[in-house]
Structure formats: structure tokens, C-alpha cells
Amino acid sequence: MPFVYAFEAKSIQRYITETGRLRDLAGGSLLVDALAAPADARGHSADLVEAVLAQMEHPHLTFVRRAGGAFALVSDDKGELETFRALYTLAVQGFAPQLAFADGIASGETLGAALKAVVASQTASRACIRPSLPEIGPLTALAPRTGRAAVAIVHDERIDLASSARRSAIAFQKSARDRGELAGIEHRMMPPARRVTCVWPNELDAADAMPGAIVMPGLGENSTVGLLHADGNGLGQLLISIRSKLEPVTDTASVANFLMTLSREIAAATERAIHVAVEEVLVHEAIGDPDAIGEDHRLVLAARPIVMGGDDVTMLLRGDLAMPFCRRFLLAFETETAVAMTNTTKTVPKGLQIELPQKLTACAGIAYVNASQPFDRASDLAEQLCASAKQISKSDAGRFKMAEVMSSVSFHRVTTSRFAEYASIRDGELRVVSDRGSEHDLYMTMGAYRLSDVGPADQFMKPLDSLIKLASLLGEDRFPDGPLRQYLGVLSDQPLDAGDTYKRWRKVMQSRGHKSEGGMLTQFDVALAELGVVTPETAPIVANDPQRPSSGQRTPLLDAYSLKMAARRLNKNLDAAS
């Protein structure tokens, strides 16, 4: 009878971003990644799992999953798994203090049945309240950024135990970098050809940087950064379906090999897609590190990896690079997962009818924020935006009976000091309520944009490339967009008067000859038409969908301006993205 032990780190993004400092974010990312890093093709990995296994006497344990702070082990010896569990959970609490996790042990007549049972065991584990040490007493000094007990003072700043562990991880990474090496997530997310010549930053502000820090290049006066979160579509449902089909299979070895191959191939595909986006978007914008004595060739990328586990990716990028990077990653993800599915199909247990999809798609959310705003709130918003994009993609797929859910992206630029749930932002800040019913409400966003230009013209999502075209046009120096910005303000506050403002702007554009073939007004109208605006000469508004009247009317204009305002050297980077 097989026994399974499963472990999964929880609330990873919040743990990594909770202090709001990039150096702590970088350290937390290194810690989480080292819990259970994906194994290479030979099954090797330098992580905490391997360190614990090395302390056990001849463990007979087999992996069935291993990526992104989560793994599952199978054995015929329950006692062996219990020993590993005791050692590993103790090690985690010392290695990454205050990190939440869920784990469990379960058994079944087959490996498929044991895997199904261990999910319930993990769910029960989440209810366990683990103490946060050291305890806070009446005389305990607190770390101001987290409210936990302070354990050290670094550069006049009180830090807690978790922050101390993060700083130690950064120090370890620096020593590895000084030896010409990269470790962990920094190594895996860097293209192999760039691992010597490029580095990731660990500070945003040079004035706040500690000695030896690497500062993100190019922020300048426009200190907008984009926090990107991307997640594959349908993988969870695929795994549930696979586990149900594997329940009758008694060949534990073949099931374990198939599941581990699937885990490894998806992780490798995500890694390769990241490499493509880094090479094609980030490397060209890299800037030489002025503090790299004797290493003038070293380039600093304008981004920082946060999480890469399975089909899950989180990154912090300079604002102008966030959308081009996201677009390139999502397209590469589809290509690379097609290879992964082909490789995994070869290991399906004999006699079992499991049809894997030809490829995986993914959705993403980007929260554009000021570099001084809290990263944990930005991370929450990016995840909510990603979830919104997924919901819209699934809705379109169901309505038009598509074979797959399209890759898409949703984004929002935070312009206030107050963060809110995205649903509240969309229905409050971005919604102009009409007294004629919800079908006449106007949303100042299109909601989500699809990566593919193929598909029914009347689907809810419109092409991202068309939005990028519009944003690039607005960003041209000779484009007179002042009245358009005024129109957006009037549209939000006094929608009945907005039409006159828009028409006056168009008359001025026509009088200046911009209506000619190839002129700016013509380009403007073409981009709007591609985004679903039927009468751009009247208003840049998409009429409500007859199939979904409650969705109201929408305009892509504010989305285009959000991209423009978030972007530095916008024409160069957004044009390169499309």
C-alpha cells in the first residue's frame, strides 16, 4: 500500500513582499524557491528537501511532484515519511521563519487513491495555528514593517526573525555572485547564455541601498513599476482529472514516473518561456552596473524575479517593460508547453486513456504602482487582476465553444494612495453609473485583453496588440492628446457633456489634416475599430454586449493612457512588444 507525503507553502507572495523593501523581497524569494526547487532532468536539485534527505539513512522515497515550494513523496514505509515530515517541517520553520504551509500524509490501495486522500489531509493541516516565535511580550520591541518581535537592528532599523533570514539569503547570494555564480531562482530565471554577464537588482532606490546592493536601472523620475502575476489555465482541473483516472492503476512506479514527468516538464516549459521574454525584452534594456569593479561587462536587468513554480510566475518589472515582458512570456508559454505535453504523453502508463491538451495557455495580471507603494498590496491586486482575466477568458471560451481558454491579461494603474480589491475598483472607481439601467453603465476599462488575434470578432476580449497600437499612438510627441485627457475626465464626472468635448477634438484634428490616409486620426480610428468601437467618429465607446447586457458599455481609452503613463520610452518598448 503506497503512502504519500505532500507539502505546500501557502501565501507565498504575501510572505515574500510583506516588508515592502526590494532587498527583503529578493531574500524571501530565494528562501521560498529553495524549499523545493524543481529537479533537473537527472532528478538533482540543491534545495532544503535534498538537505533533509541527506540526513536520513538510505531513504526509499520517490517524488511525484516538485516545484515552487511544493512537493509530494511516495513510499511503502509510512514511518519513513513520518520521519521526513518531522525533520523537514522543523527545518522549514528555522529556514524560512513565519512562512505558512500545509502538509499531510495519506495512504490508498493505489498511488492515485493516496494522492486523492492526501489533499484532504493537507486541507485539515491548514487549520493548525503555528506559533510565531519569538513571542511578543509587553517589553518586546517590534519591527515597524511587520509588527512582529524584533530580533536585530540593522542600519538603525529593527527587523524581525523572518526579515533577518531574508537578509541572510541576500548575503549568501552576494557571496555566490562574487564567485561569478547565480543560485536558486536567480539562476533558473536567467537565460543560460546570460548567467555570467547579467544580474538581477535587489534595490530600487540608490539613496536607500546598502553597501554592495544592485540597483534597478532606469527608474528615474518615473518610478512606476509593474508587479506581474501569471498563472496557467486549467492545470488544476487537468490534475484532478488525471488523478481520478489513475486511481485504478496498481503500477506505482509508472504512475510516479508519469506524474513527476508532468511536473518537471511544465516547470521546464515555464522556465524556457521566461528565458525567451528575458532575452527579447529585458536584456536589450539592461544597463551596466557602475559598481561592478573589474566587471564592466556585467549588466543589470530592470526586473526582479519573485516566484516561479510550475505554471505560476510573479515578477517585479520597471513600468515600461511590464506589458512587453508579459506579452512575450504568455506567447512563449504556449509554445513551450506544447513541447512539454508531447514529452509527457510518452510516459502515460500503458493501457490508460489520458489525453493531455496540445498546449497550455495562461492569464496574467499587472498592477502598476509607484516604487514607494507597498509590494504586498500590489501583489494581492496583481493576483486579483489575473483571476479576473481568467474569469473573462473562460466566459468567452464557454460562450463560443472554443477548444481552449485564450491567454489574456488584465491590468490596472494605481493612481491613489489607497489600495482596494479589484472588484471594488472596477465597480467603483472605473464605473460611471447611468440612471437608465445597468446596461447603460460605462466602465472605463475593457476588463481584459486576449493575446491572440484569431477568434470571433464579437467576443468580450479584444486584442492586446490593438491596445498597444493605440497606446503607442497616444505616446507620440506630435499627437495632440490634451483634449482627449480632458474628455476622459468629463466622461467620468459628467458623461452627458463628454460627447461635445470629443467631437470638438475631432474637428480640430480634421482641420489639421490628420484625417488624411495614414494620418493620426485615421490611425486612431483604425485602432479603436480593432478594439470593438463601431462608431469612433461619435465616441470611443464599445456598446454593451447583447448577450451580456449587464456588462455595460466600455472604453479602451483609459487603458491606453494607463499604458502610456506607466511606460518610460513608451514608443520604443511598447512597439517592440507588438
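Residues numbered from 1 in each chain as written. Predicted model: local features only at pLDDT ≥ 70, side-chain atom pairs only at ≥ 80, totals over all residues. Heavy atoms only, no water.

Novice: Sorry if this is basic, but what is going on with the sheet that holds strand 1 (residues 3–9) here?
Specialist: Sheet strands associate in pairs through backbone hydrogen bonding, adopting either a parallel or an antiparallel arrangement. In spatial order, the strands read 2-3-1-4; together these 4 strands make up an open sheet with antiparallel pairing. This sheet does not close on itself; its edge strands, each paired only once, are strand 2 (62–67) and strand 4 (101–107). For this sheet the average axis-to-axis angle between neighbouring strands, irrespective of direction, equals 10 degrees. Across 6 bridges, the pairing between strand 1 and strand 3 (residues 70–75) is antiparallel. Residue Phe3 lies in a different strand from strand 3, and its bridge partner there is Ser75. (Pairing = 2+ DSSP bridges. Helix = DSSP H or I, 4+ residues; strand = E, 2+ residues; numbered from the N terminus. Axes fitted to C-alpha atoms, helices over the stretch in contact; angles between N-to-C directions.)

Novice: Explain the pattern of salt bridges to me, please; I cannot follow it from the model alone.
Specialist: A side chain of one charge can pair with a side chain of the opposite charge if their charged atoms are brought near each other. Applying the stated criterion across every chain, the model contains 32 salt bridges. Asp24 serves as the salt-bridge partner of Arg167, at 2.5 Å between the closest nitrogen and oxygen. Taken as a pair, Arg167 in helix 6 (residues 161–178) and Asp24 in helix 2 (residues 22–33) lie far apart in primary sequence, 143 residues in all. Among the residues examined, Arg167 registers a relative accessible area of 13% and is labelled buried. On the accessibility criterion, Asp24 (1% relative accessible area) is buried. The structure contains a network of salt bridges with shared partners spanning Arg21, Asp24, Arg145, Glu157 and Arg167. (Salt bridge = Lys/Arg side-chain N within 4 Å of Asp/Glu carboxyl O. Buried < 20%, exposed > 50% of the residue type's maximum accessible area, 1.4 Å probe, protein only.)

Novice: I'm lost on the packing of aromatic side chains in this one. Help?
Specialist: Each aromatic ring pair is specified by the distance between its two centres and by the angle formed by the two planes. Under the definition given, this model contains 17 aromatic pairs. When the centroid spacing of 5.5 Å and the interplanar angle of 10 degrees are considered together, the rings of Phe84 and Tyr88 count as stacked. One end of the pair is Phe84 and the other is Tyr88, both in helix 4 (residues 78–95) and 4 residues apart, which spans about a single turn. As far as the burial class goes, Phe84 and Tyr88 line up, both buried. Consider the rings of Phe411 and Tyr449, whose centres lie 6.2 Å apart with planes at 25 degrees: the pair is stacked. With Phe411 in strand 14 (residues 408–413) and Tyr449 in strand 17 (residues 449–450), this pair connects stretches of sequence that are 38 residues apart. Looking at Phe411, the relative accessible area reads 5%, which means it is buried. Through a chain of ring-to-ring contacts, three or more aromatic side chains come together here, namely Tyr5, Phe7, Phe63, Phe71, Phe84, Tyr88 and Phe101. (Phe/Tyr/Trp six-rings, centres within 6.5 Å; stacked < 30°, edge-to-face > 60°.)

Novice: So what exactly am I meant to see when it comes to the confidence of the model for the protein chain here?
Specialist: A low pLDDT score tells you not to read the predicted coordinates there in detail. Looking at the protein chain, the pLDDT average stands at 86 and 91% of residues meet or exceed 70. Note that pLDDT drops below 50 for residues 292–296; the model gives that stretch 1 contact with residues more than four away or on any other chain. (pLDDT = per-residue confidence, 0-100. Contact = heavy atoms within 4.5 Å.)

Novice: Sorry if this is basic, but what is going on with the nonpolar core here?
Specialist: In globular proteins that are soluble, nonpolar side chains generally tend to be buried together. Of all hydrophobic cores here, the largest spans 163 residues; its most connected members are Phe71, Phe84, Tyr88, Leu282, Phe325, Phe329 and Phe524. For this core, the element with the most residues is helix 9 (residues 252–282), which contributes 14 residues. If we skip the residues at most four places from it in the chain, Phe71 touches Tyr5, Ala6, Phe7, Ala36, Val49, Phe63, Arg65, Arg66, Phe84 and Tyr88. By size, the runner-up hydrophobic cluster in this structure holds 10 residues, among which are Cys363, Ala389, Val405 and Phe460. (Core = buried A, V, L, I, M, F, W, Y, C linked by side-chain atoms within 4.5 Å.)

Novice: Explain the layout of surface pockets here, please?
Specialist: Using a probe with the size of a water molecule, rolled over the atoms, empty space left in the structure can be pinpointed. As a volume, the largest pocket reaches approximately 1300 Å³. Along its surface, the largest pocket is lined by 43 residues, and Glu8, Arg65, Ala70, Gly236 and Leu239 are the ones closest to its centre. In terms of residue count, the dominant contributor to the lining of the largest pocket is helix 8 (residues 235–246) (6 residues). Looking at side-chain class alone, the lining of the largest pocket contains 19 nonpolar, 13 polar and 11 charged residues. (1 Å grid on protein atoms, 1.4 Å probe; cavity = no way out; pocket = protein on both sides within 12 Å on 5 of 7 lines; lining within 4 Å. Points joined across faces, edges and corners; volume = space filled by probe spheres on them. Nonpolar A, V, L, I, M, F, W, Y, C, P; charged D, E, K, R; others polar.)

Novice: What is the right way to read the packing of helix 13 (residues 464–474) against helix 16 (residues 520–530) from this model?
Specialist: Relative orientation and spacing of two packed helices are given, respectively, by the angle between their axes and the distance between those axes. Packing of helix 13 against helix 16 leaves a shortest axis separation of 8 Å and a crossing angle of 155 degrees. In terms of axis orientation, helix 13 runs roughly antiparallel to helix 16. Here helix 13 runs over helix 16; the crossing is left-handed. Contacts between helix 13 and helix 16 involve Ser466, Lys469, Leu470, Leu473 and Leu474 from the first element and Met520, Gln523, Phe524, Ala527, Leu528 and Glu530 from the second. In terms of residue class, the contact of helix 13 with helix 16 is made up of 7 nonpolar, 2 polar and 2 charged. (Parallel < 35°, antiparallel > 145°, perpendicular 65-115°, else oblique. Left-handed = near helix turned anticlockwise from the far one by under 90°.)

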